[in-house]
Amino acid sequence: MTRALPTLIAALAAALLLTFAFSRANPFTGMDWFISLLFVMATWAAAWALSWVADILMPGASSRFLVPALFGLGLLASWEAYVQASAIPVVLLPAPSQIIAKFASSVPTLAADFVQTFVRAVIPGWLIGCGSGFLVALLCDKFDFLRRGLLPFGNLVAALPIVGVAPILVMWFGFDWPSKAAMVVVMTFFPMLVNTLAGLNASGHMERDLMKSYASGWLTTLFKLRLPAAMPFIFNALKINSTLAMIGAIVAEFFGTPIVGMGFRMSTEVGRQGLDMVWAEIAVAAITGSIFYGCLAFMERKVTFWHPSYRR
Amino acid sequence: MTRALPVLTITLALIIVWYAACIPMNAVLTTPKIAAAGGGFANTLAFSWNEVRPVLPSPHQVFREIWNTTAMVEPWAIKSLIYHLWVTLSSTLVGFVLGGLLGVILAIGIVHVGSLEKSLMPWVIASQTIPILAIAPMLIVVLGKTGLPDLITKASISAYLCFFPVTIGMVKGLRSPDVMQQDLMRTYNASASQTLWKLRLPASVPFLFASLKVSVAIALTGAIVAELPTGAVAGIGARLLNGSYYGNTLQIWAALFVAAFGAAALVWALGAAEALSLRRMGAKP
């Protein structure tokens, strides 16, 4: 009985969806409120029932990937139906189908913007900012005076609206990608510094005493004990910085750019009322950010496999 | 004293580096003037530190600019930085309250309804992979067309940024009571809402304040970025954009310092509220 009901609902919902799909070439044009409401309800019911069935077929795996995926699908369907039914103009909110169409038709532009913003500004800036933050943290660890002087600054800067520096950096480093990379460096430096310092103090007294009884010096203790113990903190900073870097590079482009780049494209397309293009750029940014974050999370898993949060 | 000494030393070192950096940074502008005045070290310093439109203004120029635009004009004048800071802070605070409430409500839902955690939580996290700050100016333009008041459109950016840390922190906080305490509530035959009000919410207060401190800082950043589109004529973000259009570096630096002061004040106020409420709840200082 418990299996029959969701299966029945799933079959009904699937039938409804198929009817929509085959009734017209574009099932959404000219939909009225009632039909679009029905469509949304059918999508949600199908998603709900599907997740129920999947949970029975392969418990565990489904709840990790399938449920959020179906939830997102339901959201997209609701968005599509809402936009179509209420006849919202494209200049306010384009439908997902329009965004996908625009995305597919302007891949070269999107790729050029991606290279300008992500490859030239985000990656070098992120590497330099995280690297220098890490090195300064090591210096601070060696010289306690420096640490006690810099750490309050780090905590203060964390609360500051650091994007405000963007116009100054654009003035200093010019319109092209160096100013954007510099912005990313400024944004990523202090989170890395603060987190690495916290991580270097994460190893316990017992372990440090053990290293001392082995007569190991500062460097050996650093490499064999304290850096591995600091890895969860360092990866935390790397992940925070991956999103900060995207934001920094795009915002810096609002203050002046050459005629390519994700931030430039967004601000000009808003002016030309090409909101489908803006959403396509947002999709690129979101996908890039997610992949960036996912790669870091994967590396974190490989490096800090010993951490309790990964134990089964 | 032992705590202040390193901070003071670093601050002093920064100011010295700042003054020293003014000389090479402004060299493009000042070299002909110094030569015309007959050269020499005294002239170099005098021109590098008092350039009208410097590449890098010297500290005393920045503070003179702040003094001139805060203390020397009426607070409500369009030139006053206090007025601009107030415009930014008001949308920050509205967004902060909205985002904080949304975050708490989402967290309560996630803690109490199992299916919400599975379906909603990944999307709460995914929502933060969209660089919202980067698209904030666009959202402002779009939301502005719907006829919402200006304050609400700017505050919605802050609210979007705010809710995430609050949700994450509150989920952790609402789950912080251990099994023994929850069992005790069960032996009292307490309902879910009673457990929420009498056990979970009080236990989550330290987590709430930690999240709110993060939130208020990014709410201010959100409000500043939200002012960047051309429509905004008031606020710290508008001052920054204005200064960058006209190459008025002093205006940019003054706006930056005032914004930093505002951010520090907000975080400090939250810290004070945290200390007060924790003391009222019986925490040991």
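Note that this is a predicted model, so its numbers are computed, not measured.

1. Remarks on the packing of helix H5 (residues 81-112) of chain B against helix H10 (residues 192-226) of chain B
Residues and elements named next belong to chain B.
Then step 1. Between H5 and H10, whose axes approach to 8 Å, the crossing angle comes to 145°. Read as a crossing pair, H5 and H10 show a hand that is right-handed. The segment H5 lies against H10, with Thr88, Leu89, Ser91, Thr92, Phe96, Val104, Ile108, Val111 and His112 engaging Ala192, Leu196, Arg200, Leu208, Leu212, Ser215, Val216, Ala219, Leu220, Ala223 and Ile224.
Then step 2. Across the contact of H5 with H10, the residue classes tally to 14 nonpolar, 5 polar and 1 charged.

2. Quick look at the packing of aromatic side chains
Geometry of an aromatic ring pair is reported as the spacing of the ring centres plus the angle between the planes.
All names here are of chain A.
Then step 1. Counted by the stated rule, this structure contains 9 aromatic pairs over all chains.
Then step 2. Each ring, one from Phe118 and one from Phe292, has its centre 5.5 Å from the other, and the planes form 85°; the classification is edge-to-face. Pair noted here: Phe118 is in helix H5 (residues 107-142) and Phe292 is in helix H12 (residues 275-303), with a separation of 174 residues, a long-range link. Accessibility classification places Phe118 together with Phe292 in one group, the buried group.

3. Examining a nonpolar patch on the surface
Then step 1. A contiguous nonpolar surface patch, about 320 Å² in accessible area, is contributed by A:Trp218, A:Leu219 and A:Phe223.
Then step 2. If you trace the backbone, A:Phe223 turns up in helix H10 (residues 218-253).

4. A short note on unusual backbone geometry
Then step 1. The phi dihedral of A:Ala215 falls on the positive side, at around 60°, and the residue is not glycine.
Then step 2. Note on placement: A:Ala215 falls in the loop between helix H9 (205-213) and H10.
Then step 3. In this structure, B:Asn189 is a non-glycine residue whose phi angle is positive, near 60°.
Then step 4. Locating B:Asn189 in the fold gives a position in the loop between helix H9 (179-187) and H10.

5. Some points on empty space enclosed by the protein
Then step 1. According to the stated counting rule, one finds 1 cavity of 30 Å³ or more in the structure shown.
Then step 2. The computed volume of the largest cavity comes to approximately 30 Å³.

6. Side note on the confidence of the model for chain B
Then step 1. Of all residues in chain B, 93% have pLDDT values of 70 or greater, and the mean over the chain is 81.
Then step 2. In the predicted complex, the global pTM is 0.76; the interface-specific ipTM is 0.72.

7. Observations concerning the side chain of B:Lys154
Residues and elements named next belong to chain B.
Then step 1. Looking at the element boundaries, Lys154 is found in helix H8 (residues 150-174).
Then step 2. Here Lys154 falls in the buried class, since its relative accessible area comes to 7%.
Then step 3. With sequence-adjacent residues up to four places away left out, Lys154 is seen in contact with Val87, Ser91, Ile140, Ala226, Glu227 and Ala234.

The rules behind these values
Residues numbered from 1 in each chain as written. Chains lettered and ligands numbered in written order. Predicted model: local features only at pLDDT ≥ 70, side-chain atom pairs only at ≥ 80, totals over all residues. Heavy atoms only, no water. Axes fitted to C-alpha atoms, helices over the stretch in contact; angles between N-to-C directions. Helix = DSSP H or I, 4+ residues; strand = E, 2+ residues; numbered from the N terminus. Left-handed = near helix turned anticlockwise from the far one by under 90°. Contact = heavy atoms within 4.5 Å. Nonpolar A, V, L, I, M, F, W, Y, C, P; charged D, E, K, R; others polar. Phe/Tyr/Trp six-rings, centres within 6.5 Å; stacked < 30°, edge-to-face > 60°. Buried < 20%, exposed > 50% of the residue type's maximum accessible area, 1.4 Å probe, protein only. Patch = residues over 30% accessible without salt bridge, like charges linked within 9 Å, V, L, I, M, F, W, Y side chains within 5 Å. Areas by Shrake-Rupley, 256 points an atom, 1.4 Å probe, with all protein chains shown as cover. Salt bridge = Lys/Arg side-chain N within 4 Å of Asp/Glu carboxyl O. 1 Å grid on protein atoms, 1.4 Å probe; cavity = no way out; pocket = protein on both sides within 12 Å on 5 of 7 lines; lining within 4 Å. Points joined across faces, edges and corners; volume = space filled by probe spheres on them. pLDDT = per-residue confidence, 0-100.

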